[in-house]
Amino acid sequence: MTSTSPRIVIVGGGFAGLFSARQLQRRLRREAELLFVTPRNFMTYQPFLAEAATGTLEPRHVVIPLRRVLPGVEVLSARATRVAHRDHCVTVQPSEGPSYDVSYDHLVLAVGAVTRLPPIPGLEECGIGFKRAEEAIALRNHVLSRLDLAETTRDADVRRCALTFVVVGGGFAGIEALGELEDMTRSACRYYRHVRPADLQWMLVELTGRILHDVGEGVGRRAAAELSRRGIDLRLNTRVESAVDRRIRLSDGTEFNAGTLVWTAGVQPHPMLRSTDLPLDEKGRVRVGTDLRVVGTEDAWSAGDCAAVPDLTNRGVPTPPTAQHAVRQARHLADNLVAVLRGESARPYAHRYAGSIASLGLHKGVAELYGMQLGGLPAWVLHRTYHLTQIPTINRKVRIGLDWALASLFRRDLVSLGGVRETSDSSEGTEVRPHEHAAVH
């Protein structure tokens, strides 16, 4: 190593990676050299992705530029393809050119999770993901193009298919995407002469018996009641068996054509973890102790969706993959790493569940806070307030606040700008399908 200061390499650009890097930067200043390895030069703030998809927020405002928020941290825009902790090195692969090794004294592994795509016929061809800003834009373009098609066609079957929208997955991503997009299409109907809200067919398909299953049952029940009240067809304990040529076949025997299939169901630990010599659990997550150190090591740490973090408030069961836990674990990990560098003791991570919130469209939401349940406008305001305080930098807070202020003065923006080209990045585990539509309403 060229520097006498300890080198800390942080791998992964999601919640856990960014927030641990920021906390380390604040606490250590010049006591250590920090390197951040991630394929992209920004982090997507996913709780705002649904509002970006409906045009309430400018997509550029829901991404955090890493070099701007991490001054003094060396950011390597590359994929980490291998970790050899025995040799204390990470192999990184730039977008072009050969790979090379980066050595470290301490490792923070926070590569998160990727969408799990089961081998369902037709899913790869017609499914649209919802994990990136590009996918949010592509989905918006596609949904508005279906309304245009329904307005223009004279074929009843084509029209019915265009106005049928299926969201698979009842977690936060699926529920918020469904709520916001259904609300957007309902509002858009006022600009079409032949498309009425009653013509829209929105469906949620969820494999388990309830939605929002990673949080309290009260929030899930309240969200289900709100979605049902709006005429959304909830199919619980149901799975998609085929989607060939946009012909959807469900496990309950239902078959129909759908012009839109949004896939948000299921995540799995990042496949890169299999290219490490760190201990993994039966689900492929990194095994960590209560202090967030990787089991059997003194200088490797992990947090977020890629780590099996024992929940001391729930009999040691691994914490659920939520942003709430990822952010708190990241800050706790950073504090423990700083303590170890200074010869102090690391503390166990314990976070008692405070509640959860979800947006279901404009002025609609559900929330549970310290046992108190909220719905409608109060929950929606709480959702916006909480996430506005959490998103990093004053710059992004102001830009999002201004977006909301403008949205409150004018009707929902229904501009669709096409030209989103197909991209694929195996390091993130999701794809953006091509949607070359352009429309202004």
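Here's what I pulled together on the structure shown here.

About the cut-offs
- Residues numbered from 1 in each chain as written.
- Predicted model: local features only at pLDDT ≥ 70, side-chain atom pairs only at ≥ 80, totals over all residues.
- Heavy atoms only, no water.
- Phe/Tyr/Trp six-rings, centres within 6.5 Å; stacked < 30°, edge-to-face > 60°.
- Pairing = 2+ DSSP bridges.
- Helix = DSSP H or I, 4+ residues; strand = E, 2+ residues; numbered from the N terminus.
- Axes fitted to C-alpha atoms, helices over the stretch in contact; angles between N-to-C directions.
- Contact = heavy atoms within 4.5 Å.
- Core = buried A, V, L, I, M, F, W, Y, C linked by side-chain atoms within 4.5 Å.
- Buried < 20%, exposed > 50% of the residue type's maximum accessible area, 1.4 Å probe, protein only.
- Expected span 1.5 Å × (residues − 1).
- Arc of directions from axis to C-beta.
- Salt bridge = Lys/Arg side-chain N within 4 Å of Asp/Glu carboxyl O.
- Patch = residues over 30% accessible without salt bridge, like charges linked within 9 Å, V, L, I, M, F, W, Y side chains within 5 Å.
- Areas by Shrake-Rupley, 256 points an atom, 1.4 Å probe, with all protein chains shown as cover.

Points about the packing of aromatic side chains
Here's step 1: The tally for this structure, following the rule as stated, stands at five aromatic pairs.
Here's step 2: A ring pair is formed by Tyr 45 and Phe 48, whose centres lie 5.3 Å apart and whose planes are at 45 degrees; its orientation type is tilted.

Regarding the sheet that holds strand 5 (residues 74-84)
Here's step 1: In space, the seven strands of this open sheet follow the order 7-6-5-2-1-8-20, with mixed pairing throughout. Where the open sheet ends on each side, the last strands, each with one partner, are strand 7 (100-103) and strand 20 (300-302). Averaged over all pairs of adjacent strands, the angle between strand axes in this sheet comes to 40 degrees, irrespective of strand direction.
Here's step 2: Sheet topology note: the strand 5/strand 6 (residues 89-94) ladder contains six bridges and is antiparallel. When the sheet's bridge partners are listed, Arg 79 is paired in strand 6 with Gln 93.
Here's step 3: The sheet contacts of helix 1 (residues 15-28) involve strand 1 (7-11), strand 2 (33-38) and strand 8 (106-109), and relative to strand 2 the element is tilted by about 170 degrees.

Quick word on the nonpolar core
Here's step 1: Ile 8, Val 11, Leu 24 and Val 90 are the most contacted members of the largest nonpolar core, which has 67 residues in total.
Here's step 2: Setting aside its immediate chain neighbours within four residues, Val 90 contacts Val 9, Val 11, Ala 80, Arg 82, Val 83, Tyr 100, Asp 101, Val 102, Tyr 104 and Leu 107.
Here's step 3: By size, the runner-up hydrophobic cluster in this structure holds 41 residues, among which are Leu 139, Val 195, Val 219 and Leu 227.

Description of helix 11 (residues 394-409)
Here's step 1: An ideal rise of 1.5 Å per residue puts 22 Å on 16 residues; helix 11 measures up with 23 Å between its terminal C-alpha atoms.
Here's step 2: The set of residues buried in helix 11 consists of Arg 396, Ile 400, Asp 403 and Trp 404. Viewed along the axis of helix 11, the buried residues span an arc of 95 degrees, placing them on a single side of the element. Looking at helix 11, the residues exposed on the side facing more than 90 degrees away from the buried face are Ile 394, Leu 402, Leu 406, Ser 408 and Leu 409.
Here's step 3: On its buried face, helix 11 sits against helix 2 (49-53), strand 4 (63-65) and helix 10 (376-390).

Remarks on the sheet that holds strand 16 (residues 255-257)
Here's step 1: Spatially, three strands are ordered 14-15-16 in an open sheet, and the strand pairing comes out antiparallel. With one partner strand each, in any of the chains shown, strand 14 (240-242) and strand 16 form the two edges of the open sheet. Shown here is a sheet whose adjacent strand axes are inclined to one another by a mean of 35 degrees, direction ignored.
Here's step 2: Bridge count for strand 14 against strand 15 (residues 247-250) is two bridges, and the pairing is antiparallel. Counterpart to Ser 242 in the pairing with strand 15 is Arg 249.

What to know about the pattern of salt bridges
Here's step 1: Inspection of the entire model under this criterion finds 22 salt bridges.
Here's step 2: A salt bridge links Glu 241 to Arg 249; the nearest nitrogen and oxygen atoms lie 3.7 Å apart.
Here's step 3: By relative accessible area, Glu 241 is classed as partly exposed at 28%.
Here's step 4: Residue classification places Arg 249 among the partly exposed positions, given a relative accessible area of 33%.
Here's step 5: Salt bridges linked by common partners bring Glu 182, Arg 186, Glu 226, Arg 229 and Arg 230 together as one network.

Quick look at a nonpolar patch on the surface
Here's step 1: Together, Ile 394, Val 398 and Leu 402 line one region of the surface with nonpolar side chains, adding up to about 300 Å² of accessible area.
Here's step 2: Residue position: Leu 402 is located in helix 11.

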